[in-house]
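Examining the three-dimensional arrangement
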Protein chains: 4
Amino acid sequence: MTIPAPLTGVVPPVCTPLTPEGEVDVPSLLGLLDHLVTGGVHGLFVLGSTSEAAYLTDRQRRLVVETTVAHLGGQLPVLAGAIDMTTPRVLEHAASAAAAGADAVVVTAPFYARTHPAEIARHYRRIAAACPVPVLAYDIPSAVHTKLPAGLVLELAADGVLAGLKDSSGDLGGFREVVTGVRARPGVTGFSVLTGSELIVDAALAVGADGAVPGLANVDPHGYVRLDRLHRSGDRDGARAEQERLCALFGLVDVGDPARMGGASSAIGAFKAALHLRGVIACPVTAEPQVPLSPDEVARVGKYLAGAGLL
Amino acid sequence: MTIPAPLTGVVPPVCTPLTPEGEVDVPSLLGLLDHLVTGGVHGLFVLGSTSEAAYLTDRQRRLVVETTVAHLGGQLPVLAGAIDMTTPRVLEHAASAAAAGADAVVVTAPFYARTHPAEIARHYRRIAAACPVPVLAYDIPSAVHTKLPAGLVLELAADGVLAGLKDSSGDLGGFREVVTGVRARPGVTGFSVLTGSELIVDAALAVGADGAVPGLANVDPHGYVRLDRLHRSGDRDGARAEQERLCALFGLVDVGDPARMGGASSAIGAFKAALHLRGVIACPVTAEPQVPLSPDEVARVGKYLAGAGLL
Amino acid sequence: MTIPAPLTGVVPPVCTPLTPEGEVDVPSLLGLLDHLVTGGVHGLFVLGSTSEAAYLTDRQRRLVVETTVAHLGGQLPVLAGAIDMTTPRVLEHAASAAAAGADAVVVTAPFYARTHPAEIARHYRRIAAACPVPVLAYDIPSAVHTKLPAGLVLELAADGVLAGLKDSSGDLGGFREVVTGVRARPGVTGFSVLTGSELIVDAALAVGADGAVPGLANVDPHGYVRLDRLHRSGDRDGARAEQERLCALFGLVDVGDPARMGGASSAIGAFKAALHLRGVIACPVTAEPQVPLSPDEVARVGKYLAGAGLL
Amino acid sequence: MTIPAPLTGVVPPVCTPLTPEGEVDVPSLLGLLDHLVTGGVHGLFVLGSTSEAAYLTDRQRRLVVETTVAHLGGQLPVLAGAIDMTTPRVLEHAASAAAAGADAVVVTAPFYARTHPAEIARHYRRIAAACPVPVLAYDIPSAVHTKLPAGLVLELAADGVLAGLKDSSGDLGGFREVVTGVRARPGVTGFSVLTGSELIVDAALAVGADGAVPGLANVDPHGYVRLDRLHRSGDRDGARAEQERLCALFGLVDVGDPARMGGASSAIGAFKAALHLRGVIACPVTAEPQVPLSPDEVARVGKYLAGAGLL
């Protein structure tokens, strides 16, 4: 299918359920997709950071896209991350994702290699020129250690290189600069501006975001869908209340002991533990070298779910 | 072959010559290998950062290792980088490099994903357990945004997980802590401590390094081999003079205009331009999205070579 | 006077006009204060980052507070920054500001010295214990290279150590955590949560900020006062439109050539050039070692003012 | 006195003994000065980072310089840090230190304010123009979050702005670039290149450093003086052995529990605990907001001293 231009609403970055052996757990992935579709989401983003794309092998990445595309059957647009260090490697992931049926790919700035704005622009131009589906930029400084400048995004939007932006930088001022910049350029139409900051989706929508890509929507898709609907109906205070409820639930990402594990182990471990406790996936295991949550930490995840009425 | 324990001397991180189309230029790679072997080096490190490993596809990476191993025919030990974000992806690169004949693999801390010391330890333990050849740690904070703590390296050395360290951190104090720590642990034998800091190889050898992995040795292998020989013969002042000559030559990495490109484009571009000017490789092109040097910038590389008597 | 608890509305960080010799230009400071009071602001913050507090000597800092307090005559609350590296030095600034009549002081985490959360907490506890006026925390990671954790701010609020927060971190998610955390703690009353992010004041108010401390309000106080009034009247779309107008005006901070100067030289230089062009201050000079704007760059500031109807 | 040009040998950054009330403990300071002079050091650096300059009030800073200068009576050169955020504030500290008798001042790049190389150059030029004594640059990126580029230091040396460099960056490659650059510029004479990296003083001397400013020399001045003498006598292996002994002793800086305090609390706390255990100073207290070492941690400092034969 062609992705909507712009893409609006809630587009969760889909967790990748794994078996205890670290393989993609296809039945659980299907269950998670059903859970999200039933929750009313407006699109799916596979192979993002929350999906543990950085931990999946090429074969596993391809399996995730194929499984998702086949299961969705065109019901909803499917975006796929093409996460790798540099242009030649990203080109391969993008081609693979498109061949597997993804409707668009989502691409970060180069990483590992030191980057320069001119190199970032070149990177996106080369990829868009070769890629059969639309390319969205993925701004995630915590992972790639570069912030995409708003001016660069707008230049690439104006040149038809980028079809959208997924902004996980947490910088709402810069996000707004893209939103208003897109609106001010008459030639730019259908560009999708999506926020990845799950704690301020209401604020991002209020400044003009088209949609949101919240990791926590794996756990509570209905909540984010309600938030989106409340916003669109003009009920700002209702949207804020729903967002605050989701912020409280988001506390589950900190259950992991920081002396024992990093933030990703804790956050992704908590999302998967929550999905397991809710009966959506068969096994909460995360990929290596992430450290698993302890039983006590999982119990704390359960308390968050209970507090949110999700158990 | 089994790599020496410890590995000593000069082990250049081998540049990867490319064709104008971005393919591995095998004849040029063979020429470069001959240039290095003739220069007297003691081992070869393919698929490191200077090799543009971050830019090569899996197929290209495999071709580089196979070509190098076949051409060397066991004359010298061949180390191969296995550079990727996380454990499952590194495991595939390591298996591929070992299958292609690499004598050891060189592995960084995880990147893109946020890391924690416990996760780094887990990463190396999993990889060493599964990898058929020895594993060396690659400490390169400029790329992975984490510094390997000396204590962690020593713990993994003592447990037989790591066979060595390639330190590109520039932190000679931390490097020394590993050198003296290895010596102080009676159970740790044959651990290789190699410096990647091409400007202070004499100092690293003086504090006890086993060897060096200098990118500039692509351009002037004889110089680093002389430096190593002078050091081993006890001629510290001679080693220093040779190092200072090489430091002056190293100025070529800065020929690229910082308004137009990043440091990697400039440095790797300059190494390749120098190899091209010296007649070692057929084409100085670097991988995308690196920005090419201008003719003027290449001319400045030539002046550095002439100044060093290398043209 | 006692500062309102919480302090609400627009509290500009007041620029410090200087003479060509680098002395505080008292008549211009009085003119600027009148300009702000006439603009309808709800309080004044002197000796903040926008005030070039980092560049003023102790004598100049004291002169600024005394001049402001005397001129205001209790009309509006006056907050004063007490910006220095560590507890003993901040204690002296805080005592001086309080003696000069400031109604509250605003204090960052320690800097220069490496800090630890336990040391930050200790810092604020010692200062609040000794300081005769309320203490607000100033979260400005771009200057002090530490982010104040929301949990730490809430703990210090609950213990009566802090009277408020001025958040210049740009992290609206963390800001919201303080806003909702304060509301959720029954014992915490009157705590002021203020945003320093001039591009998202509408969003910060919508998530529950008490007020804003926007540097750009020096140039256009009426704009921010309108924004605040529109928000409080429930006209969210009007507030957004006003904010977007101010965002466009904010573009003036980038007039300085990045090859020739840093971001502070450009931003503070532009604020002062705008105040000079509007006839509010006598001289646009900034403190050493900031690089002055060129005539062309000043002309571009003028175009921004004209575009906003401020000339 | 006029400082030697270049200044050579061991120039400890003198700890500032404090009373339990946080005042400068003058008798202990005199005792520490005697301890260092007796140890054979070649100069003294007061008000550096190890001196807790960032924590001392202006009055305390002046007292330290006056006390030291009066006690030394011209026996040894006295350098004084003039540590503050920007030019106008540093100018006051430099004038105060010179008036109190310091033979030279040591100045960092601006901090808190964001900096640009052009602003750093301007900063040093203004200070040197106004300061009655020579100015040395203090390169300490861990504190000021900027690295002084070697090219900038050399330009300021060639223009007679800087009389020397105290390099606490840990980057021996960049340090060497200054050493060899100074030597290559015929007009630059008497420029002092000093290392602040206490773990690699032997290596820094071998690459051409004039001297060292090691914090650990407070605890063991004789050791660093021996190291310096061994190096100058051409006994490189002897110098290395002495350095390795000092590196082992340096382990005492890590006695503090990282869950309870930051690195500065631990390191400065350990230096002072060692001086107290050795009977040099009356009280090991550190300035606020540093966290004190526990009795157990102090006991571990004692073990390091015993191991080094210093108790």
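No experiment lies behind these values; they were computed from the predicted model shown.

The rules behind the values
For every chain, the first residue of its written sequence is number 1, and the numbers climb from 1 along that sequence. Starting at A for chains and at 1 for ligands, labels are handed out in the order in which the entities are written. Side-chain atom pairs in this predicted model are given and counted only at pLDDT of 80 or more, local residue features only at pLDDT of at least 70, and totals for whole chains, interfaces and linings cover all residues. Heavy atoms from the whole structure form the basis of all side-chain values; hydrogens and water molecules are not counted. A run of H or I in DSSP becomes a helix once it reaches four residues, and a run of E becomes a strand once it reaches two; helices and strands are each numbered from the N terminus. Radius of gyration here uses only the C-alpha atoms, and the compact-globule reference equals 2.2 Å multiplied by the residue count raised to the power 0.38. Exposure is judged per residue with a 1.4 Å probe applied to protein chains only, and the accessible area is read against the type maximum: over 50% gives exposed, under 20% gives buried, and values in between give partly exposed. A contact between two residues is defined here by any heavy atoms of the two lying within 4.5 Å. Accessibility throughout is a Shrake-Rupley quantity obtained with a 1.4 Å probe, and a residue counts as covered only by protein chains that appear here. Accessible area that two parts lose when put together, evaluated with a 1.4 Å probe and summed over both, is termed the buried area. Any carboxyl oxygen of Asp or Glu that lies within 4 Å of a side-chain nitrogen of Lys or Arg is treated as forming a salt bridge with it. Counted as a polar contact is a pair of N or O atoms within 3.5 Å, where, for protein atoms, one must be capable of donating a hydrogen and the other of accepting one, and residues adjacent in sequence contribute only when both atoms are in side chains. Nonpolar residues are Ala, Val, Leu, Ile, Met, Phe, Trp, Tyr, Cys and Pro. Charged residues are Asp, Glu, Lys and Arg, and all others, Gly as well, are polar. Any two strands are treated as partners once DSSP identifies two or more bridges connecting them. When the strands point away from the viewer and the path from the first strand over the helix to the second turns clockwise, the crossover is right-handed. Throughout, an axis means a line fitted to C-alpha atoms (over the contacting stretch in the case of helices), and angles, computed between N-to-C directions, take values from 0 to 180 degrees. Should an angle fall under 35 degrees it is taken as roughly parallel, and over 145 as roughly antiparallel, whereas 65 to 115 is taken as roughly perpendicular and any remaining angle as oblique. For any helix crossing, the convention is left-handed if the near helix is rotated counterclockwise from the far helix by under a right angle, and right-handed if that rotation is clockwise. Least squares is the method used to superpose the copies, on C-alpha atoms of residues holding a pLDDT of at least 70 in both. By this rule, a helix spans an expected 1.5 Å times one less than how many residues it contains. Residue-level confidence of the predictor is what pLDDT reports, using numbers from 0 through 100. Here the aromatic set is Phe, Tyr and Trp, taking the six-membered ring for Trp, and pairing holds for ring centres within 6.5 Å; pairs whose planes are under 30 degrees apart are stacked, those over 60 apart are edge-to-face, and all others are tilted.

A count of helical and extended segments in chain A gives 12 helices and 8 strands. Its C-alpha atoms give chain A a radius of gyration of 18 Å, within 12% of the compact-globule value 19 Å for 311 residues. Projected onto its principal axes, the C-alpha coordinates of chain A cover approximately 50 × 45 × 40 Å. Across the 311 residues in chain A, those meeting the buried criterion constitute 63%. Long-range contacts, defined as pairs at least 24 residues apart, comprise 73% of the intrachain contacts of chain A with a sequence gap of at least 6. Of the roughly 9,900 Å² of accessible surface on chain A, 56% is carried by carbon and sulfur atoms.

In this complex, chain D contributes 47 residues to the contact, which on the side of chain C involves 47 residues. Together, the buried faces of chain D and chain C total about 3,800 Å²; carbon and sulfur atoms form 57% of this surface. Run the count over chain D and chain C and you get 8 salt bridges. Between Glu288 of chain D and Arg126 of chain C there is a salt bridge, with the nearest N and O atoms lying 3.1 Å from each other. The tally of links from chain D across to chain C stands at 22 residue pairs in polar contact (both at pLDDT 80 or more). Elements with a contribution of two residues or more to the side of chain D that touches chain C: α2 (58-72), α3 (87-99), α4 (117-130), α5 (141-144) and α11 (263-277) of chain D. Within the side of chain D that touches chain C, the residues separate by chemical class into 22 nonpolar, 14 polar and 11 charged.

Time to look at the environment of Gly302 of chain D. All names here are of chain D. For Gly302, the position within the fold is in helix α12 (residues 295-307). Separated by 25 residues in sequence, Gly302 and Leu277 have C-alpha atoms that sit 7.0 Å apart. Leaving out residues up to four positions away in the same chain, Gly302 has contacts with Leu277 and Leu311.

Once that is clear, we can look at the pairing of strand β6 (residues 164-167) of chain B. Residues and elements named next belong to chain B. Both faces of β6 are covered, namely the face carrying Gly164 and Lys166 and the face carrying Leu165 and Asp167. Pairing of β6 with strand β7 (residues 192-195) involves 4 bridges; the strand directions are parallel. Among the inter-strand pairings, Lys166 is bridged to a residue of β7, identified as Leu194. For the crossover that starts at β6, traverses helix α7 (residues 172-184) and ends in the parallel β7, the hand is right-handed.

Turning to the packing of helix α4 (residues 117-130) of chain B against helix α6 (residues 150-158) of chain B, a few remarks are in order. Residues and elements named next belong to chain B. Following both chains from N to C, one finds α4 and α6 inclined at 30°, their axes separated by 11 Å at the closest point. Accordingly, the angle class assigned to the pair α4 and α6 is roughly parallel. Of the two possible hands of crossing, α4 and α6 adopt the one that is right-handed. Of the residues in α6, those in contact with Pro117, Ile120, Ala121, Tyr124 and Arg125 of α4 are Leu152, Glu155 and Leu156. Of the residues belonging to the contact of α4 with α6, the class tally is 6 nonpolar, no polar and 2 charged.

Our next topic: the relation of the copies chain D and chain C. In summary, the two copies of the chain are related to each other by a rotation about an axis coupled with a shift along it. Once turned by 180° and shifted 0.0 Å along the axis, chain D lies on chain C with an RMSD of 0.0 Å. Here the two chains are linked by the operation of a two-fold rotation axis. Of all interface residues in chain D, 100% are interface residues in chain C too; the two copies therefore contact each other through one and the same surface.

Attention shifts here to helix α3 (residues 87-99) of chain A. The end-to-end C-alpha distance of α3 of chain A, which contains 13 residues, comes to 18 Å, matching closely the 18 Å that a straight helix rising 1.5 Å per residue would cover. The secondary structure elements touched by the buried residues of α3 of chain A are α2 (58-72), β3 (78-81), β4 (104-108) and α4 (117-130) of chain A together with α2 (58-72) and α3 (87-99) of chain B. Gly101 of chain A, located one to two residues past α3 of chain A, shows a positive phi value of around 110°.

On to the sheet that holds β4 of chain A, then. Residue and element names in this part refer to chain A. Spatial strand order, β1-β8-β7-β6-β5-β4-β3-β2: 8 strands in an open sheet with parallel pairing. Only two strands of the sheet have a single neighbouring strand rather than two, namely β1 (9-10) and β2 (44-46). Where β2 and β3 come together, 3 bridges link them in parallel fashion. Residue pairing across strands places Phe45 opposite Leu79, the latter belonging to β3.

Each side of the interface is counted separately: chain A has 47 residues, and chain B has 47 residues. For the pairing of chain A and chain B, the buried interface totals around 3,800 Å² over both sides, and the portion due to carbon and sulfur atoms is 56%. Between the two partners, chain A and chain B, sit 8 salt bridges. Linking Asp84 of chain A and Arg89 of chain B is a salt bridge whose minimum nitrogen-to-oxygen distance equals 3.4 Å. Counting every contact that joins chain A to chain B gives 22 residue pairs in polar contact (both at pLDDT 80 or more). Elements with a minimum of two residues in the side of chain A that touches chain B: α2, α3, α4, α5 (141-144) and α11 (263-277) of chain A. Across the side of chain A that touches chain B, the residue classes tally to 22 nonpolar, 14 polar and 11 charged.

With that out of the way, let us pick up the relation of the copies chain A and chain B. If you rotate chain A by 180° and push it 0.0 Å along the axis, it lands on chain B with an RMSD of 0.0 Å. The fraction of interface residues of chain A whose copies in chain B are also interface residues reaches 100%, indicating that both copies meet through the same surface.

Attention now moves to the confidence of the model for chain A. Summary statistics for chain A give a mean pLDDT of 97 and a share of 100% for residues scoring 70 or more. Two summary scores accompany this predicted model of the complex, namely pTM at 0.97 and ipTM at 0.97.

The two units chain B and chain C remain apart, with a minimum C-alpha distance of 9 Å. At no point do chain A and chain D touch; the closest pair of C-alpha atoms across them sits 9 Å apart.

Glancing now at the sheet that holds strand β7 (residues 192-195) of chain C. Residues and elements named next belong to chain C. Taken in spatial order, the 8 strands line up as β1-β8-β7-β6-β5-β4-β3-β2 in an open sheet, and their pairing is parallel. Unpaired on one side and paired on the other, β1 (9-10) and β2 (44-46) mark the two borders of the sheet. Relative to strand β8 (residues 211-212), β1 runs parallel, the two being bridged by 2 bridges. The partner of Gly9 across the bridge, within β8, is Gly211. The sheet contacts of helix α7 (residues 172-184) involve β6 (164-167) and β7, and relative to β7 the element is tilted by about 160°.

What the rule picks out here adds up to 77 salt bridges over all chains. Here Arg62 of chain C ties to Glu66 of chain C by a salt bridge, and the two come within 3.0 Å at their closest N and O atoms. A residue pair is termed a helical-turn pair when its members lie 3 or 4 positions apart in one helix, as Arg62 of chain C and Glu66 of chain C do in helix α2 (residues 58-72) at 4 residues. The class of Arg62 of chain C is partly exposed, set by a relative accessible area of 32%. On the basis of relative accessible area, Glu66 of chain C is assigned to the partly exposed category, the value being 35%. Between Asp58 of chain D and Arg89 of chain C there is a salt bridge; the shortest N-O distance is 2.8 Å. Of this pair, Asp58 of chain D sits in helix α2 while Arg89 of chain C sits in helix α3 (residues 87-99), placing the two residues on different chains. Look at Asp58 of chain D and you get partly exposed, because its relative accessible area is 29%.

Attention now goes to the environment of Arg61 of chain B. Along the chain, Arg61 of chain B falls in helix α2. For the pair formed by Arg61 of chain B and Thr19 of chain B, sequence separation is 42 residues and the distance between their alpha carbons is 15 Å. Leaving out residues up to four positions away in the same chain, Arg61 of chain B has contacts with Met85 and Arg89 of chain A together with Leu47, Ala53, Ala54, Leu56, Ile83 and His93 of chain B. Side-chain polar atoms of Arg61 of chain B contact the side chain of His93 of chain B, separated by 3.2 Å.

Counting across every chain of the model gives 10 aromatic pairs over all chains. Where Phe111 of chain C meets Tyr112 of chain D, the ring centres are 5.0 Å apart and the plane angle is 45°; that geometry is what we call tilted. Here the residue Phe111 of chain C occupies a position in the loop between β4 (104-108) and α4 (117-130), and Tyr112 of chain D occupies one in the loop between β4 (104-108) and α4, the pair thus bridging two chains. According to the relative accessible area criterion, Phe111 of chain C is buried, its value standing at 3%. Here a set of aromatic residues connected by ring pairs shows up, and it is made of Phe111 and Tyr112 of chain A together with Phe111 and Tyr112 of chain B.

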